[in-house]
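This is what each chain is made of:
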Amino acid sequence: MGLFSKKNKEALNTPLFKENPVTVQVLGICSALAVTSKLEPAIVMGLSVTIIVAMANVIISLIRNTIPMRIRIIVQLVVVAALVTLVSEVLKAFAYDVSVQLSVYIGLIITNCILMGRLEAFAMQNKPWPSFLDGIGNGVGYAMILVIVAFFRELFGSGTLLNYPVLEKIGMYEIGYLNNGLMLMTPAAFILIACIVWYQRAKDKSLQE
Amino acid sequence: MEHFISLLVRSVFVDNMVFAFFLGMCSYLAVSKSVKTAVGLGFAVIFVQVITLPVNYLLQTKVLAADGILGVDLTFLAFILFIAVIAGIVQLVEMIVERFAPALYNQLGIFLPLIAVNCAIMGGSLFMQQRIGLPADNSQAITCFGDSIAFAIGSGLGWMIAIVLFAAIREKMEYCNIPKPLRGLGIAFITVGLMAMAFMCFSGIKM
């Protein structure tokens, strides 16, 4: 068993597209929608979740044989909550503006279903290294959707990307474009995710219901 | 009293957990295939919310805050303690319901553990923590124990209304001829998007 055997590669690759946590497994939607009105918080959120899922997967996988089955959920929650507290304090110290924008949603990573889903479904049965890869794969799969949604919402909603005025520079306002305020509100996030799901299922017929 | 009602109405319609903050989406999408189960889950959420949120309010103001009984600012521990309180109470409620109301347990049973990780519950507690510091004339401010109960009822009820309406629409959609790739999750998201637009009409309400 090499570090990147076929099985390990699968653990890393499948969550990116075929088993994407957001569009296929329908996990972690709450934060995926809430932090995406700008690109920057979406990237920070994606990174935080990736780190936390990977770390939590490793920790739970290391202690998986010592956790009593009946209280495993609480053990998992405490591990996750401790990691989230760490990330939240780091963000407050080094990226205060972003942590204000993310507001309660950083804390809500604790109840993000991706975490509990992966811990239950993967880390409880697998060794630390595959669990780590599985965590990275799921985190990146999640971050990818966040970035795609945030890209469109920020571009059409405020005309900027990472606060750089893209539409102004390429002269869209001169030919009469107006910022679409709806893009910054909640309904646009739902509909954009719907479009991603639509596209993915049109491409991959095996996902259709 | 006025603030109590205003906070209640506001958290049901304007600050709706689903349509304004996207909270509790996972179970919202997964358990909304029939109105009956949606009502069951809705009640379970209100129930757990009304118990956990005031408890967390007391924990936050009396223990964790700098002027609490310990005299030390421990708010950085809030995440761990809130989730522990929620998980503990859910476990307790599950055991009590199983013992004294087996019929209810059979209906709610599968949902109760789900609710421990429902973001609407944790989100409610985190929003409460954020709103304690707001000035008292702000209609979102939570200034006393009563307010935290109003917010708990309101946010739970808002979530329940959202899931019951959505389940009703989904039941009707069973008979629609939807393009294949959109079936299931795709059309569900578009429906929620349209419902969120409809709920935006409430945003001007002031009591």
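Residues numbered from 1 in each chain as written. Chains lettered and ligands numbered in written order. Predicted model: local features only at pLDDT ≥ 70, side-chain atom pairs only at ≥ 80, totals over all residues. Heavy atoms only, no water.

Peer 1: Quick question: what am I supposed to make of the overall build of chain A here?
Peer 2: Tallying secondary structure elements over chain A gives ten helices and zero strands in all. Listed by position from the N terminus, the elements making up chain A come as α-α-α-α-α-α-α-α-α-α. The C-alpha atoms of chain A give 19 Å as radius of gyration, which agrees with the globular expectation for 209 residues (17 Å, within 12%). Summarising its shape, the C-alpha atoms of chain A cover approximately 65 × 45 × 30 Å along the three principal directions. Burial statistics for chain A: of 209 residues in total, 53% are counted as buried. Contacts in chain A between residues far apart in sequence, at least 24 positions, make up 76% of those at least 6 positions apart. A total accessible area of about 9700 Å² is found for chain A, and carbon and sulfur atoms account for 69% of it. Separation of charge centres in chain A, based on 16 positive and 12 negative side chains, amounts to 11 Å. (Helix = DSSP H or I, 4+ residues; strand = E, 2+ residues; numbered from the N terminus. Rg over C-alpha atoms; globule rule 2.2 N^0.38 Å. Buried < 20%, exposed > 50% of the residue type's maximum accessible area, 1.4 Å probe, protein only. Contact = heavy atoms within 4.5 Å. Areas by Shrake-Rupley, 256 points an atom, 1.4 Å probe, with all protein chains shown as cover. Lys, Arg positive; Asp, Glu negative; His and termini not counted. Charge placed at Lys NZ, Arg CZ, Asp CG, Glu CD.)

Peer 1: Just checking my understanding: could you explain the packing of aromatic side chains for this structure?
Peer 2: The description of two aromatic rings rests on the distance between their centres and on the angle between their planes. Residues and elements named next belong to chain B. Applying the stated criterion to the full structure yields eleven aromatic pairs over all chains. A centroid spacing of 4.4 Å and a plane angle of 40 degrees characterise the contact between Phe 21 and Phe 127, whose relative ring orientation is tilted. Of the two residues, Phe 21 sits in the loop between helix H1 (2–14) and helix H2 (25–30) while Phe 127 sits in helix H7 (residues 119–131), which places them 106 residues apart along the sequence. Phe 127 sits in the buried class, given a relative accessible area of 5%. Put simply, the rings of Phe 13, Phe 19, Phe 199 and Phe 202 touch in pairs and so form one group of aromatic residues. Against the face of Phe 100 rests Arg 99, its NZ or CZ located 5.1 Å from the ring centre. (Phe/Tyr/Trp six-rings, centres within 6.5 Å; stacked < 30°, edge-to-face > 60°. Lys NZ or Arg CZ within 6 Å of the ring centre and 35° of its normal.)

Peer 1: Can you walk me through the interface of chain B and chain A in this structure?
Peer 2: When the parts of a complex come together, some accessible area is lost, and that lost area is often used as the size of the interface. Each side of the interface is counted separately: chain B has 39 residues, and chain A has 41 residues. Buried surface at the junction of chain B and chain A, both sides included, amounts to about 3500 Å², of which 81% is carbon and sulfur. At the surface where chain B touches chain A, the tally comes to zero salt bridges. For the side of chain B that touches chain A, the secondary structure elements donating two or more residues are H2, helix H4 (78–100), H7 and helix H9 (185–200) of chain B. At nine residues, H9(B) tops the list of elements feeding residues into the side of chain B that touches chain A. Here the residues of the side of chain B that touches chain A are counted per class, giving 29 nonpolar, eight polar and two charged. (Buried area = accessible area lost by both parts, 1.4 Å probe. Salt bridge = Lys/Arg side-chain N within 4 Å of Asp/Glu carboxyl O. Nonpolar A, V, L, I, M, F, W, Y, C, P; charged D, E, K, R; others polar.)

Peer 1: Whenever I open this one, the nonpolar core confuses me. Can you help?
Peer 2: The nonpolar side chains of soluble globular proteins are, as a tendency, buried together. Of all hydrophobic cores here, the largest spans 118 residues; its most connected members are A:Met45, B:Leu23, B:Met25 and B:Tyr28. When residues in this core are grouped by element, the largest group, eleven residues, is from H4(B). Setting aside residues up to four positions removed in sequence, B:Tyr28 forms contacts with B:Val18, B:Phe19, B:Trp159, B:Ala162, B:Ile163, B:Phe166, B:Val192 and B:Met195. (Core = buried A, V, L, I, M, F, W, Y, C linked by side-chain atoms within 4.5 Å.)

Peer 1: What is the right way to look at the packing of H4(B) against H7(B) in this model?
Peer 2: Each packed pair of helices is defined by two parameters, the angle between the axes and the distance between the axes. Residue and element names in this part refer to chain B. It is at 10 Å that the axes of H4 and H7 come closest, and there the two elements cross at 135 degrees. Our classification of the angle between H4 and H7 gives oblique. Considering the relative orientation of H4 and H7, their crossing is right-handed. The segment H4 lies against H7, with Ala 78, Phe 79, Phe 82, Ile 83 and Ile 86 engaging Ile 121, Met 122, Ser 125, Leu 126, Met 128 and Gln 129. Partitioning the contact of H4 with H7 into residue classes produces nine nonpolar, two polar and no charged. (Axes fitted to C-alpha atoms, helices over the stretch in contact; angles between N-to-C directions. Parallel < 35°, antiparallel > 145°, perpendicular 65-115°, else oblique. Left-handed = near helix turned anticlockwise from the far one by under 90°.)

Peer 1: Explain the pattern of salt bridges to me, please; I cannot follow it from the model alone.
Peer 2: Any two side chains of opposite charge can pair, given that their charged atoms come close. All names here are of chain B. In total, this model carries four salt bridges over all chains according to the counting rule given. The partner of Asp 15 in a salt bridge is Arg 10, and the shortest N-O contact between them spans 3.2 Å. Salt bridges sharing partners connect three or more residues here, namely Arg 10, Asp 15 and Arg 131.

Peer 1: In this structure, what is going on with the confidence of the model for chain B? I would like to understand it.
Peer 2: Low pLDDT marks stretches whose predicted atomic positions should not be read closely. Residue and element names in this part refer to chain B. Averaged over all residues, the pLDDT of chain B is 82; the fraction at 70 or higher stands at 96%. Within chain B, helix H6 (residues 111–116) has the poorest average pLDDT of any element, 70, and helix H8 (residues 145–173) the best, 90. Two summary scores accompany this predicted model of the complex, namely pTM at 0.84 and ipTM at 0.80. (pLDDT = per-residue confidence, 0-100.)

Peer 1: Sorry, what's going on with the packing of helix H7 (residues 113–123) of chain A against helix H8 (residues 128–158) of chain A here?
Peer 2: Residues and elements named next belong to chain A. Direction vectors running N to C along H7 and H8 enclose 150 degrees, while the axes themselves pass 11 Å from each other. Between H7 and H8, the crossing angle belongs to the class labelled roughly antiparallel. As for how H7 packs across H8, the hand of that crossing is right-handed. Taken together, the residues of H8 that come into contact with H7 (itself represented by Ile 114, Arg 118, Phe 122 and Ala 123) are Pro 130, Ser 131, Asp 134, Asn 138 and Tyr 142. For the contact of H7 with H8, the per-class residue count stands at five nonpolar, two polar and two charged.

Peer 1: Looking at this structure, how should I read H7(A)?
Peer 2: Note on helix geometry: an α-helix contains 3.6 residues per turn, so any two residues three or four positions apart are oriented the same way. Of all eleven residues that make up H7(A), eight are buried, and the element is covered over most of its length. Where H7(A) is concerned, the buried positions are A:Cys113, A:Ile114, A:Leu115, A:Met116, A:Arg118, A:Leu119, A:Phe122 and A:Ala123. Close packing links the buried residues of H7(A) with helix H1 (6–13), helix H3 (39–62), helix H4 (72–94) and H8 of chain A together with H2 of chain B.

Peer 1: Is there a simple way to think about a nonpolar patch on the surface in this case?
Peer 2: Judged by side-chain polarity, A:Ile51, A:Met55, A:Ile59, A:Leu62 and A:Ile63 come together as a nonpolar surface patch covering roughly 420 Å² of accessible area. With respect to the helices and strands, the residue A:Met55 is situated in helix H3. (Patch = residues over 30% accessible without salt bridge, like charges linked within 9 Å, V, L, I, M, F, W, Y side chains within 5 Å.)

Peer 1: Quick question: what am I supposed to make of the side chain of B:Ser155 here?
Peer 2: As for its position among the elements, B:Ser155 is in helix H8. Side-chain polar atoms of B:Ser155 contact the backbone oxygen of B:Phe151, separated by 2.8 Å. (Polar contact = N/O pair within 3.5 Å; in protein donor to acceptor, adjacent residues only side chain to side chain.)

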